[in-house]
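Observations on the three-dimensional arrangement
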Amino acid sequence: LALPGVYLVNNNIFTLPFFFYLLAASSSVSAFFIFLISPSRMENTRHFQIANGITPTDVDTDTHGCVGKTKQVWRGLVKSKDVVLLFPTVVALMQVNLCIAYLAMFYPSIEMYDYFNAAVGETEAKELVNLFPVLFGVLGSFMSVASGYICDRIGLSNYMRCYTVLSIVVTVVQVYPSFVAQCVWMVLWTLSVSSFIVIYMRFAMRYAPFEIFGSFMGLLATIMPLVQMCFGPQIGAWMHA
């Protein structure tokens, strides 16, 4: 929706705040339909039991109301702490990797125009910024499905090896001050972001019990941007220098 949004705002058909209101409304509609088709906690538990040859049993359904939901969230956080204590080295290494990958992938997108402007000049910087949502929207949508399929076929270990090589190539291409190199970087960056999400989710699935998959993944996600939040100004000053 970035391209029609830019067109509508640029031609004074919509204001920027109104476009964001429409975007929020479409997100709400999307969330509602996701809510309708998503399995409940009990359905998910029974599916897991049947798939693993376990006789289905009743599960804790004390999740009605605010108090019940709060207790459920708290239990998920406590169990997530147990996962960290059980695999401290693995979780610590993965968390460091997530923080570094977050800065390496998402920080350039935040500073994209300024970086392109310094690398290739204002005219080509505008072309690159306009090209980015096309590449990310089309290729990113495809890779969101394809990356998970590839991981299923080759396994998580081989998938991460390929991701490591891709990250190195992305880093090398990014520093070349040419229009073509930056176009290649945007393509590889899109592949890298889509691949990264699969690793992040699959790691939570491997190490956390299924009933706290979301809680454990949320805990990792909460810590991930803390480096940017705590050291963002310093990082910005270093980048400016």
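Residues numbered from 1 in each chain as written. Predicted model: local features only at pLDDT ≥ 70, side-chain atom pairs only at ≥ 80, totals over all residues. Heavy atoms only, no water.

Notes on the overall build of the protein
Note the threshold: Numbering of helices and strands starts at the N terminus; helices are DSSP runs of H or I of at least 4 residues and strands are runs of E of at least 2. Accessibility here uses a 1.4 Å probe with only protein chains present; expressed as a share of the type maximum, an area under 20% marks a residue as buried, one over 50% as exposed, and anything in between as partly exposed. Contacts were defined at the residue level, with two residues in contact if any of their heavy atoms lie within 4.5 Å. Accessible areas in this description were obtained via Shrake-Rupley with a 1.4 Å probe; residue shielding takes into account the shown protein chains only. In this count, Lys and Arg are taken as positive residues and Asp and Glu as negative ones, while His and the chain termini are left out. Charge positions come from single atoms, namely NZ of Lys, CZ of Arg, CG of Asp or CD of Glu.
When you go through the protein residue by residue, the secondary structure sums to eleven helices and zero strands. Starting at the N terminus and ending at the C terminus, the protein contains elements arranged as α-α-α-α-α-α-α-α-α-α-α. Seen through its C-alpha atoms, the protein measures out along the principal axes to roughly 65 × 45 × 35 Å. Scored against the burial criterion, the 241 residues of the protein give a buried share of 29%. Long-range pairs, those at least 24 residues apart, make up 66% of the contacts in the protein between residues at least 6 apart in sequence. Carbon and sulfur atoms form 70% of the exposed surface of the protein, whose accessible area is close to 15,400 Å². For the protein, the centre of its 12 positive side-chain charges and the centre of its 12 negative side-chain charges are spaced 12 Å apart.

Remarks on the environment of I110
Within the fold, I110 resides in helix α5 (residues 88–110). It is 13 Å that separates the C-alpha atoms of I110 and P225, two residues lying 115 residues apart in sequence.

Topic: the packing of aromatic side chains
Convention followed: Any two rings among Phe, Tyr and Trp, with Trp reduced to its six-membered ring, count as a pair given centres within 6.5 Å; such a pair is stacked if its planes are under 30 degrees apart, edge-to-face if over 60, and tilted if neither.
As enumerated under the stated definition, the model contains 13 aromatic pairs in all. A centroid spacing of 5.0 Å and a plane angle of 75° characterise the contact between F14 and F18, whose relative ring orientation is edge-to-face. For F14, a relative accessible area of 24% corresponds to the partly exposed category. A centroid spacing of 5.8 Å and a plane angle of 45° characterise the contact between F136 and W189, whose relative ring orientation is tilted.

A few points about the nonpolar core
Basically, it comes down to this: Buried Ala, Val, Leu, Ile, Met, Phe, Trp, Tyr and Cys residues that are joined via side-chain atoms within 4.5 Å together make up what is termed a nonpolar core.
Counting residues in hydrophobic clusters, the biggest one holds 43 residues, and the most contacted among them are W185 and F216. Contributions of two or more residues to this core are made by α5, α6 (112–120), α7 (122–154), α8 (156–174), α9 (179–207) and α10 (213–223). Discounting residues that sit within four places of it in the chain, F216 has contacts with S80, V83, V84, V91, F203, A204 and A208.

Observations regarding the packing of α5 against α10
What counts here: Between N-to-C directions, angles span 0 to 180 degrees; the directions come from axes that are lines fitted to C-alpha atoms, helices contributing only their stretch in contact. Here the angle decides the label: under 35 degrees means roughly parallel, over 145 means roughly antiparallel, 65 to 115 means roughly perpendicular, and every other value means oblique. For a crossing to be left-handed, the near helix must be turned anticlockwise from the far one by less than a right angle; the clockwise case is right-handed.
Between α5 and α10, the least distance of the axes is 9 Å, while the angle of their chain directions is 50°. One element, α5, and the other, α10, form an angle in the oblique class. Crossing of α5 over α10 shows right-handed handedness. Listed contacts from α10 to V91, Q95, L98 and C99 of α5 are F216, L220 and I223.

Describing the packing of α8 against α9
Put simply, the test is: The nonpolar class holds Ala, Val, Leu, Ile, Met, Phe, Trp, Tyr, Cys and Pro. Asp, Glu, Lys and Arg form the charged class, and all remaining residues, Gly among them, are polar.
Where α8 contacts α9, the two axes come as close as 9 Å, and the packing angle between them is 150°. Judged by the angle between their axes, α8 and α9 are roughly antiparallel. α9 is crossed by α8, and the crossing has left-handed handedness. Residues that form the contact of α8 with α9 fall into these classes: 17 nonpolar, six polar and two charged.

Focus on unusual backbone geometry
In this structure, N12 is a non-glycine residue whose phi angle is positive, near 60°. Along the chain, N12 turns up in the loop between α1 (2–10) and α2 (16–37).

Observations regarding the confidence of the model for the protein
The line we're drawing: The pLDDT value expresses, per residue, how confident the predictor is, ranging between 0 and 100.
Chain-level pLDDT for the protein is 84 on average; 96% of the residues reach the 70-or-more range. The least confident element of the protein is helix α3 (residues 41–51), whose mean pLDDT is 77; the most confident is α2, at 91.

Looking at α10
Note the threshold: The directions considered for the arc are those from the helix axis to the C-beta atoms.
F216, M217 and L220 are the residues of α10 that are buried. Projection of α10 onto a plane perpendicular to its axis shows the buried side chains occupying an angular sector of 95°, all on one side.

Comments concerning the state of the cysteines
Short version of the rule: Cysteine sulfurs are considered disulfide-paired once they come within 2.5 Å of each other.
Scanning the entire structure with this criterion turns up zero disulfides. Left without a disulfide partner, C99 is nearest to the cysteine sulfur of C230, which lies 10 Å away. Overall, the relative accessible area of 12% leaves C99 in the buried class. Between C151, a free cysteine, and C162, which holds the nearest cysteine sulfur, the sulfur-to-sulfur gap is 10 Å. Under the relative-accessibility criterion, C151 is labelled buried at 2%.

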